[in-house]
Amino acid sequence: MSWGTELWDQYDNLAIHTNKGIEFLDKYANFIRDRLAIETEYATKLRRLVKNYQPKKKEEEDNEFTSCQAFRKVLNEISDLAGQREVVAESLQLQIIQGISLLSKTLRDERKKCLSNGTYLHQNLTTQLAALDRAKRNYEKAYRDSEKAVDNYKKADMDLNLSRAEVERYKNIMTAKIQQSDDAKNEYANQLQKSNNLQQQHYHELLPEVFNRLQELDEKRTRGIREFIIGAADVESSVAPIIARCLEGMVKAGESINEKEDSYKVIERYQSGFTPPSDIPFEDLSKLDTLDSSQESHFNHVQSSHLTVKGTISANKIKKRVGIFNIFGGNKQQKIIEACITMKNSLTADGQKEDFSDLPPNQRRKKLQAKIGELQQKIQQETAARDGLMKMKVVYEANSSLGNPMTVEGQLNESEHKLEKLKMDLKKYQGYLEKANQIPMANNSPQANRTSSMNNGHRSSRHSNGSTEDNNYDGDFQPDDAGSLSSSSASPESGLGTSHTSLPGSGHGSAHENAMGEDAYYETEMEPLQPLGTCRALYPFEATSEGSIPMNEGEELQVIEIDQGDGWTRVRRMNNSNGWDEGFVPTSYIECTLYA
């Protein structure tokens, strides 16, 4: 079946059909372009999604959990999936879009040539048929004229009134008309023959050839669409195994999550090493009545000043604590500044102490072990680098043409210095670890230790307002070894946390300061302490114990006494009713800024 024989008279319809076919090819090309854009946008959004959810640097500690590691693997698989979508888009562009564009251009050019040839053939046939029609009309006219001339001659010949000359003229006219009729007849016959030959050739040879060429082009277009559709599917199929592996990787990542392991890691991270506090002993107040009556006048004086054991003030007068640390001597302010400077120099980049003494025992040991491991690795690397430099120096000394050994000397000296410093740091941190291992496990948290240390060896009297004050401060307050671990915990609720202003728990005062009794502790009056700095509340705090004051999140307070190793900082705020409120708040709940 061919268009040339079956559709010999459908030239216009074939022209329209082939044009619609090419337009359909272009439509499919636009579809592929739109899909390509979607694939590219999808890949871009997947990559942006992965980038937005990549673990931040501050979240590196959380990466040890299996759930976080699984999520990071899922992000990597999503990134690979985005890469495969980009491969699909690129393949569609190179294999399908370019192929369709080339085929469409070829089909349009070939169709244009075929239609131009067909138009030319139609014009030739139309011209020949027009010439045939003119020849036929001329023949018909000449034939009628010849018949009329013959009739005129016959009439003239039979008319006796006409002269012989007249008859002869009619005869000549008849002869001329007959000749013209014969000539027109011959011309008509000739044009008819030419028209029949041309028409035969046009409809059986020339035009079928054009139509068959158009048929070939249309079949080529149809075959091209089939190949492009299959090719697009093949592009998708080529990345399907990789996408399947990505999905398998996601499944494996999900299966790798171990809730028990994560729970154990939480214990490892946050375990402080403290034991729960022991039972609170019963205090028989009846046995303290005798002692209370003997010092009634002293307590009345204390009550009149409205002071608690921690030095909370009202009525614009405060009592100072004397002899707790050696920094509170004659030149208290200067010693505080020096202690702060010493503390600042001993802090690491992340705000922790160099020996991590502000962390709980378990956390401190883990940090020290990690630091020792890091230093040992650096020592190995530096040792390898030094050995390489020494070998290079030996080679240069043996063959000076390879290089000057003195150029390696400076690098070798620098490497030696680095190695010596690393070894010194390793020895120092090993000493810290040894000391940390020797520290006995604290019985309870620093807050409980503080409470017990304030109660042990002290007599207390309960005022009418329910506050309790020490009767006998023996001035022998010494922080234990666990006191240096008092300001670290992951959550503010525990009362433990890293403080940016905690002092090292030296706790060794002079003999004179430690010998001061409760009279010096309570009776020494002075003007309100000068603030050492300011602090901002990181979390809200409800005062549940004596001597502490509540605070709201974001509240600005004055620091009048920094953390002494027990996890509490003494602060002051303006009070419209009483003038000043003063008391203690957890160090881990605030962020301090000390004056220079």
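Refer to the structure printed above.
Residues numbered from 1 in each chain as written. Predicted model: local features only at pLDDT ≥ 70, side-chain atom pairs only at ≥ 80, totals over all residues. Heavy atoms only, no water.

### Description of the sheet that holds strand 5 (residues 533–537)
Argument step 1. Read across the sheet, five strands follow the order 8-7-6-5-9 without closing on themselves; strand pairing throughout is antiparallel. For this open sheet the edge positions go to strand 8 (579–586) and strand 9 (590–594), each flanked by a neighbour on one side alone. This sheet shows a mean twist of 35° between the axes of neighbouring strands, independent of strand direction.
Argument step 2. By the bridge criterion, five bridges tie strand 5 to strand 9 in an arrangement that is antiparallel. For Arg-536, the partnering residue across the bridge sits in strand 9 and is Glu-591. (Pairing = 2+ DSSP bridges. Helix = DSSP H or I, 4+ residues; strand = E, 2+ residues; numbered from the N terminus. Axes fitted to C-alpha atoms, helices over the stretch in contact; angles between N-to-C directions.)

### A closer look at the environment of Arg-221
Argument step 1. When you line up the elements, Arg-221 lands in helix 4 (residues 164–255).
Argument step 2. In this structure, the C-alpha to C-alpha distance between Arg-221 and Ile-22, residues 199 residues apart in sequence, is 7.2 Å.
Argument step 3. Apart from residues lying up to four places away in sequence, Arg-221 is in contact with Gly-21, Ile-22, Phe-24, Leu-25, Leu-103 and Leu-107. (Contact = heavy atoms within 4.5 Å.)

### Structural notes on the pattern of salt bridges
Argument step 1. Evaluated as defined, the whole model comprises 27 salt bridges.
Argument step 2. With its nearest N and O atoms 2.9 Å apart, the salt bridge here joins Arg-47 to Glu-86. Here Glu-86 lies in helix 3 (residues 66–158) and Arg-47 lies in helix 2 (residues 11–52), a separation of 39 residues in the sequence.
Argument step 3. A residue is classified by how much of its surface remains accessible, and Arg-47, at 35% relative accessible area, is partly exposed.
Argument step 4. Among the ionic pairs, Lys-421 bridges to Asp-425, the shortest N-O distance being 3.2 Å. (Salt bridge = Lys/Arg side-chain N within 4 Å of Asp/Glu carboxyl O. Buried < 20%, exposed > 50% of the residue type's maximum accessible area, 1.4 Å probe, protein only.)

### Structural notes on the pairing of strand 6 (residues 556–561)
Argument step 1. As defined by bridge partners, strand 5 adjoins strand 6 across four bridges and the pair is classed as antiparallel. Pairing of Gly-533 across the sheet is with Val-559, part of strand 6.
Argument step 2. Pairing analysis gives three bridges linking strand 6 to strand 7 (residues 568–575), with the strands arranged antiparallel. In the sheet register, Glu-561 faces strand 7, and the bridge partner there is Arg-570.
Argument step 3. The hairpin turn running from strand 6 into strand 7, its antiparallel successor, is six residues long, and Gly-565 in that turn takes a positive phi close to 100°.

### Some points on helix 3
Argument step 1. For helix 3, with 93 residues, the first-to-last C-alpha span of 134 Å sits near the 138 Å given by 1.5 Å per residue.
Argument step 2. By the largest-angle criterion, Gln-93 marks the main kink of helix 3, which is about 35°. (Expected span 1.5 Å × (residues − 1). Bend = angle between axes of the 7 residues up to and from the residue.)

### Focus: the packing of helix 2 against helix 3
Argument step 1. At a closest axis distance of 8 Å, the pairing of helix 2 and helix 3 adopts a crossing angle of 165°. Regarding the angle of helix 2 to helix 3, the classification is roughly antiparallel. For the crossing formed where helix 2 meets helix 3, the hand is left-handed.
Argument step 2. In the contact of helix 2 with helix 3, the residues fall into 25 nonpolar, 11 polar and 10 charged. (Parallel < 35°, antiparallel > 145°, perpendicular 65-115°, else oblique. Left-handed = near helix turned anticlockwise from the far one by under 90°. Nonpolar A, V, L, I, M, F, W, Y, C, P; charged D, E, K, R; others polar.)

### So, the packing of aromatic side chains
Argument step 1. Summed over the entire model, instances satisfying the criterion amount to nine aromatic pairs.
Argument step 2. The aromatic ring of Tyr-170 is capped on one face by Arg-169, whose charged end is 4.8 Å from the ring centroid. (Phe/Tyr/Trp six-rings, centres within 6.5 Å; stacked < 30°, edge-to-face > 60°. Lys NZ or Arg CZ within 6 Å of the ring centre and 35° of its normal.)

### Regarding the nonpolar core
Argument step 1. Judged by nonpolar contacts, the single largest core of 40 residues is most densely connected at Leu-25, Leu-92, Ile-100, Phe-211 and Phe-228.
Argument step 2. Listed by contribution, the elements that provide at least two residues to this core are helix 2, helix 3 and helix 4.
Argument step 3. The leading source of residues in this core is helix 3, at 15 residues.
Argument step 4. Contact partners of Phe-211, with chain neighbours within four places excluded, come to Trp-3, Gly-4, Leu-7, Trp-8, Gln-10, Tyr-11 and Leu-14.
Argument step 5. Counting 16 residues, the second largest nonpolar core, distinct from the first, contains Cys-535, Phe-541, Val-585 and Ile-590. (Core = buried A, V, L, I, M, F, W, Y, C linked by side-chain atoms within 4.5 Å.)

### Observations regarding the packing of helix 9 (residues 361–398) against helix 10 (residues 405–438)
Argument step 1. Where helix 9 meets helix 10, the closest approach of the two axes is 8 Å, and the angle between their N-to-C directions is 160°. Taken together, helix 9 and helix 10 sit at an angle that is classed as roughly antiparallel. Considering the relative orientation of helix 9 and helix 10, their crossing is left-handed.
Argument step 2. The residue inventory of the contact of helix 9 with helix 10, partitioned by class, reads 18 nonpolar, eight polar and 13 charged.

### Let's talk about empty space enclosed by the protein
Leftover empty space is mapped by rolling, across the atoms, a probe with the size of a water molecule.
Argument step 1. This model, assessed by the stated rule, comprises three cavities of 30 Å³ or more.
Argument step 2. Of the voids in this model, the largest cavity is the one considered here, and its volume is about 50 Å³.
Argument step 3. As for the largest cavity, its lining consists of Thr-18, Ile-22, Leu-107, Arg-111, Leu-214, Leu-217, Asp-218 and Arg-221.
Argument step 4. Broken down by secondary-structure element, the contributors of at least two residues to the lining of the largest cavity are helix 2, helix 3 and helix 4.
Argument step 5. Examining the composition of the lining of the largest cavity, we find that four residues originate from one element, helix 4, more than from any other.
Argument step 6. Class assignment for the residues of the lining of the largest cavity results in four nonpolar, one polar and three charged. (1 Å grid on protein atoms, 1.4 Å probe; cavity = no way out; pocket = protein on both sides within 12 Å on 5 of 7 lines; lining within 4 Å. Points joined across faces, edges and corners; volume = space filled by probe spheres on them.)

### Quick word on the state of the cysteines
Argument step 1. Enumeration over the complete set of coordinates arrives at zero disulfides.
Argument step 2. Free of any disulfide, Cys-535 has its nearest neighbouring cysteine sulfur in Cys-592, separated by 4.9 Å.
Argument step 3. Cys-535 sits in the buried class, given a relative accessible area of 1%. (Disulfide = S-S within 2.5 Å.)

### Overview of the side chain of His-202
Argument step 1. Inspection of the secondary structure puts His-202 in helix 4.
Argument step 2. Of the residues examined, His-202 reaches a relative accessible area of 1% and is grouped as buried.
Argument step 3. Those residues in contact with His-202 that sit more than four places away from it in its chain are Leu-121, His-122, Leu-125, Leu-207 and Pro-208.

### Describing the environment of Asp-26
Argument step 1. Among the secondary structure elements, Asp-26 is positioned in helix 2.
Argument step 2. Overall, Asp-26 belongs to the partly exposed group, its relative accessible area being 22%.
Argument step 3. On a C-alpha basis, the gap between Asp-26 and Lys-105 in space is 10.0 Å, while along the polypeptide they are 79 residues apart.
Argument step 4. Those residues within four positions of Asp-26 in sequence are excluded, and the remaining contacts are Ser-104 and Arg-108.

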